[in-house]
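The primary structure of each chain is shown beneath.
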Amino acid sequence: MITTRKATFDDLDEMLIVEKASIKGNHYLEGVHKEFFTDPVGEMIVAEDDGVICGIGKITFQYNGDAWLETLRVHPDHQNKGVGKAIWKRYMEVAAMRHPQFIRMYTGTGNKTSRHIAELNNVDRAFMYSECSDDTDHALEVRGWEPVTFEQVKDKIPEIRNAWGNYACYNRTFYSLDVPFVKAMCEEGKMFTDGENIVSVGARFLPERGYNLGFMLGDYEKCIKFALWHAHKNNAPKLAVMHRTVDKKVRAITEKLGFEYLPSNLLMMEGDFE
């Protein structure tokens, strides 16, 4: 029988076994478990099959209250038993306590199971993104950029959305590019300007693995070069950029600068919470 509950620190070892068995790379639970377990509004979830932890998942509420679903893993020995559906059911139960306007997640374009379960739960709008990254050890020093305050940038938000799109991404976590998010990026020291151009750069978690360029406005090449330098001087070994696949301008500039793209794209999926 499959059951779900809120995870505790005592579950961590078994949860790490599930993560390592279910995916080949991008293991990060061990590095973020303290943040996930102590989240005051979200929930770290475990699924059990007759008392054995066989699946995990996390629901996070973002700056504007939207729900983000992440870290869904099912141990291979327990797949096709309804574990993923059980975790989704708990996602919806936790979400119902806070009534977010939207629910979002990401998945690979080839992960039909993940997309199918999402669509069953009315998370059915899909947006395709491409991800690239570059090492920062060759970054050249860039001067003239300073942190920007929310007052300086708030009137630019419609222009940023029009140019970059409706979403920004850190550590494969998609956020609505809106007032609460931009304000938070300014307050967290992740927004910079050289007086003409604006770029958001930093990490949601695990900055020691790399930084992310969340969004930019203006001269993209200047923005990316600064982001590379900023990441390098903060000891982040890589800079990742996630952008709309249809945005050929961004791709042309990142490829020119030596960024390497993943061989396949990613889907950010979204649904209205009902």
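Let me sum up the structure you'll find in this document. Bear in mind that the values here come from a model prediction, so they are computed numbers and not experimental data. Note on numbering: residues in each chain are counted from 1, in written sequence order. Residues qualify for local features only when their pLDDT is at least 70, as the model is predicted, and side-chain atom pairs are given and counted only at 80 or more; totals for whole chains, interfaces and linings, by contrast, use all residues. With hydrogens and water excluded, all non-hydrogen atoms of the structure serve as input to the side-chain values.

Next up on the list: the overall build of the chain. Within the chain, the secondary structure is distributed over nine helices and 15 strands. When we talk radius of gyration, it's over C-alpha atoms, and the globule rule is simply 2.2 Å times the number of residues to the 0.38. In terms of C-alpha radius of gyration, the chain reaches 19 Å, essentially the compact-globule figure of 19 Å for 274 residues. The dimensions of the chain, computed from C-alpha atoms along their principal axes, are 60 × 35 × 35 Å. Categorising residues by exposure relies on relative accessible area from a 1.4 Å probe, with only protein chains included: less than 20% of the type maximum marks a residue as buried, more than 50% marks it as exposed, and the intermediate range marks it as partly exposed. Every one of the 274 residues in the chain was classed for burial, and the buried ones make up 53%. Any two residues whose heavy atoms approach within 4.5 Å at even a single point are treated as in contact. The contacts of the chain with a sequence gap of at least 6 include a subset with a gap of at least 24, amounting to 70%. Values of accessible area rely on a 1.4 Å probe in the Shrake-Rupley scheme; residue burial ignores everything except the protein chains shown. As presented, the chain carries roughly 13200 Å² of accessible surface, and 48% of it is formed by carbon and sulfur atoms. Measuring between centres, the 34 positive side-chain charges of the chain sit 3 Å from its 41 negative side-chain charges. Secondary structure elements are defined from DSSP: runs of H or I of at least 4 residues count as helices, runs of E of at least 2 residues count as strands, and each element is numbered from the N terminus. Residues scored as charged are limited to Lys and Arg (positive) and Asp and Glu (negative), so that His and the chain ends carry no count. In this description, the location of a charge corresponds to atom NZ of lysine, CZ of arginine, CG of aspartate or CD of glutamate.

The next point concerns the packing of helix α8 (residues 220-233) against helix α9 (residues 248-256). For the pair α8 and α9, interaxial distance at closest approach is 10 Å and the crossing angle is 50°. Between α8 and α9, the interaxial angle falls into the category oblique. The crossing of α8 and α9 is right-handed. In this structure, α8 contributes Y220, E221 and I224 to the contact, and α9 contributes K249, V250, I253, T254 and K256. Here the contact of α8 with α9 is composed, by residue class, of four nonpolar, one polar and three charged. In this analysis an axis means a line fitted to C-alpha atoms, helices contributing only their contacting stretch, and an angle means the value between N-to-C directions, from 0 to 180 degrees. Note on terminology: angles under 35 degrees are roughly parallel, angles over 145 are roughly antiparallel, angles of 65 to 115 are roughly perpendicular, and the others are oblique. Crossing handedness: left-handed means the near helix sits turned counterclockwise from the far one by under a right angle, and right-handed means the same turn made clockwise. We call Asp, Glu, Lys and Arg charged. Ala, Val, Leu, Ile, Met, Phe, Trp, Tyr, Cys and Pro are nonpolar, and the rest, Gly among them, are polar.

Our next topic: unusual backbone geometry. The phi angle of most residues is negative, glycine excepted, and most peptide bonds adopt the trans form. The phi dihedral of N122 is positive, around 65°, even though this residue is not glycine. With respect to the secondary-structure elements, N122 resides in the loop between α4 (112-120) and β6 (125-135). Phi is positive for L206, close to 50°, though the residue is something other than glycine. Tracing the chain through its elements places L206 in the loop between β11 (198-202) and β12 (211-217).

A separate point is the packing of aromatic side chains. Pairing of aromatic rings covers Phe, Tyr and the six-membered ring of Trp, with a centre-to-centre limit of 6.5 Å; geometry is then stacked below 30 degrees between planes, edge-to-face above 60, and tilted otherwise. This structure, assessed with the given rule, holds 15 aromatic pairs. With a centroid separation of 6.2 Å and an interplanar angle of 55°, the aromatic rings of F181 and F215 are classed as tilted. Taken together, the residues span a long stretch of sequence, with F181 in helix α7 (residues 179-187) and F215 in strand β12 at a distance of 34 residues. Each member of the pair, F181 as well as F215, is classed as buried. Here a set of aromatic residues connected by ring pairs shows up, and it is made of Y63, Y170, Y175, F181 and F215. When the ring centre of Y170 is taken as origin, the NZ or CZ atom of K190, which lies over that ring, is 5.4 Å away. A ring is considered to have a charge above it if a Lys NZ or an Arg CZ atom is located within 6 Å of its centre and within 35 degrees of its normal. Sitting over the face of the ring of Y220, K249 holds its NZ or CZ atom 4.6 Å from the ring centroid.

On the secondary structure map, T136 appears in the loop between β6 and β7 (146-147). A relative accessible area of 2% means that T136 is categorised as buried. Polar contacts involving the side chain of T136 include one to the main-chain carbonyl oxygen of A236, which spans 2.7 Å. Residues within four places of T136 in sequence aside, it is in contact with L228, A231, H232, A236, P237, K238 and L239. We define a polar contact as two N or O atoms separated by no more than 3.5 Å, with the added condition that, inside protein, one atom must be a possible hydrogen donor and the other a possible acceptor, whereas residues neighbouring each other in sequence contribute only through side-chain atom pairs.

Counted as salt bridges are all cases of a side-chain nitrogen of Lys or Arg within 4 Å of a carboxyl oxygen of Asp or Glu. If you walk through the whole model with that rule in mind, you get 23 salt bridges. The closest approach of N and O atoms between E19 and R73, which form a salt bridge, is 3.6 Å. Within this pair, whereas E19 is found in helix α1 (residues 12-22), its partner R73 is found in strand β4 (residues 67-74), the two being separated by 54 residues in sequence. Of the two residues, E19 and R73, neither departs from the other in class, the shared state being buried.

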